Amino acid sequence: MELLPLVTVIAVIVFLLRKRDQRKRITLLGQHLGHYQIEKLMETVTEGYLRALGEADPERREQIWHHLGPAELRLSEQFSQFSAEFARLDAADTRVSKLELPIPFATQLFPHATFDLRKALVIHADGLARAASNALQSTPKNKAFMLSAELFLMQHTCHWFCNSRSIASARLMVRHQTTHDKVLASVAPQTRAAYRALTGI
């Protein structure tokens with residue numbers, strides 16, 4: 001029983017250190033994202049996809065797809081700018097732990113079990129650019145499916161940076177009712193290959 005108070009104190013310290021690291025990462029990401037309208041454009045695009053997919057009239061559906069094009073390109077362009085800005089940060093501040101659980105100082109204690117968020121954002125920027133420009137000449141529906149997968153994977157990476165891989169995967173399931181594996185299988189082959197090479201997944 002004498003160990004219980006000590007274990008409790010250690011648990012509280014670990015929790016507080018983890019929360020401090022989490023706040024620091026969220027603040028860092030938020031400061032740079034705040035310069036852009038990426039989240040607003042993501043909402044516009046994803047809501048537009050739902051409207052188009054739910055539209056019974058082919059002509060009206062085609063109009064919705066057409067009007068989404070500029071928003072898709074703006075989203076891609078802004079994310080590329082954000083990625084370029086974020087790339088100027090110090091590597092020590094952009095490491096992401098590959099460990100499943102959130103552990104304080106994990107990136108310092110286990111540097112070999114990390115990857116660089118700056119490189120991941122470049123991968124996502126390239127993937128979004130390919131999807132938005134419809135490099136594969138896909139149908140509007142297939143284009144929307146791939147761009148959505150690229151967006152979901154990017155969101156997963158950002159949540160991973162701020163929290164942990166397991167928490168990011170749980171949020172992906174709650175928000176979009178899909179798994180990380182399914183999202184990864186749905187992005188462009190170039191994105192998938194580069195992402196796996198970087199993260200080791």
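This is a predicted model, so every value here is computed, not measured.

**Regarding helix H3 (residues 58–86)**
So, point 1. Given a rise of 1.5 Å per residue, 29 residues ought to cover 42 Å, and the 41 Å separating the end C-alpha atoms of H3 matches this to within 8%.
So, point 2. Taken as a whole, H3 carries its principal kink of about 30 degrees at Gly69; the proline Pro70 stands between one and four residues after it.

**Here's the deal with the nonpolar core**
So, point 1. Judged by nonpolar contacts, the single largest core of 48 residues is most densely connected at Leu29, Ile38, Phe79, Phe82, Phe86 and Leu117.
So, point 2. Secondary structure elements with two or more residues in this core: helix H1 (3–33), helix H2 (38–54), H3, helix H5 (117–132), helix H6 (140–162), helix H7 (165–176), helix H8 (180–186) and helix H9 (189–199).
So, point 3. Broken down by element, the residue count for this core peaks at 12 residues, all from H6.
So, point 4. Aside from chain neighbours lying at most four places away, what touches Phe82 is Leu29, His32, Leu33, Tyr36, Ile38 and Leu121.

**What about the state of the cysteines?**
So, point 1. A full pass over the atoms with the stated rule returns zero disulfides.
So, point 2. Considering cysteine sulfurs only, Cys162 is the nearest to Cys158, which forms no disulfide, with 6.9 Å between them.
So, point 3. You can call Cys158 buried: its relative accessible area is 9%.
So, point 4. Since its relative accessible area comes to 7%, Cys162 is described here as buried.

**Details of the packing of aromatic side chains**
So, point 1. By the definition in use, this model includes six aromatic pairs.
So, point 2. For the pair Tyr49 and Trp65, a centre-to-centre distance of 6.0 Å together with 50 degrees between the ring planes defines the contact as tilted. Of this pair, Tyr49 sits in helix H2 while Trp65 is found in helix H3, placing the two residues 16 residues apart along the sequence. Pair check on accessibility: Tyr49 and Trp65 agree, each one buried.
So, point 3. Look at Phe79 and Phe82: their rings are 5.5 Å apart centre to centre, the planes differ by 65 degrees, and that puts the pair in the edge-to-face class. Of this pair, Phe79 and Phe82 are both found in helix H3, three residues apart, which corresponds to roughly one turn of the helix. This pair shows no difference in class: Phe79 is buried, exactly as Phe82 is.
So, point 4. What links up through ring pairs into an aromatic cluster is the set Tyr36, Phe79, Phe82, Phe86 and Phe161.

**Description of the pattern of salt bridges**
So, point 1. Taken as a whole and assessed by the stated rule, the structure comprises three salt bridges.
So, point 2. A salt bridge links Arg118 to Asp116; the nearest nitrogen and oxygen atoms lie 2.6 Å apart. Assigned by exposure class, Arg118 and Asp116 land together as buried.
So, point 3. Through salt bridges with shared partners, a single network forms among Arg95, Asp116 and Arg118.

**Focus: H2**
So, point 1. Between its first and last C-alpha, H2 extends 24 Å over 17 residues, near the 24 Å set by a 1.5 Å rise per residue.
So, point 2. Of the positions making up H2, those classed as buried are Ile38, Leu41, Met42, Val45, Gly48, Tyr49 and Ala52. The buried side chains of H2 occupy one side of the element, clustering within an arc of 135 degrees when seen end-on. Looking at H2, the residues exposed on the side facing more than 90 degrees away from the buried face are Glu39, Lys40, Leu50 and Gly54.

Reading guide: rules and limits
- Residues numbered from 1 in each chain as written.
- Predicted model: local features only at pLDDT ≥ 70, side-chain atom pairs only at ≥ 80, totals over all residues.
- Heavy atoms only, no water.
- Helix = DSSP H or I, 4+ residues; strand = E, 2+ residues; numbered from the N terminus.
- Expected span 1.5 Å × (residues − 1).
- Bend = angle between axes of the 7 residues up to and from the residue.
- Core = buried A, V, L, I, M, F, W, Y, C linked by side-chain atoms within 4.5 Å.
- Buried < 20%, exposed > 50% of the residue type's maximum accessible area, 1.4 Å probe, protein only.
- Contact = heavy atoms within 4.5 Å.
- Disulfide = S-S within 2.5 Å.
- Phe/Tyr/Trp six-rings, centres within 6.5 Å; stacked < 30°, edge-to-face > 60°.
- Salt bridge = Lys/Arg side-chain N within 4 Å of Asp/Glu carboxyl O.
- Arc of directions from axis to C-beta.

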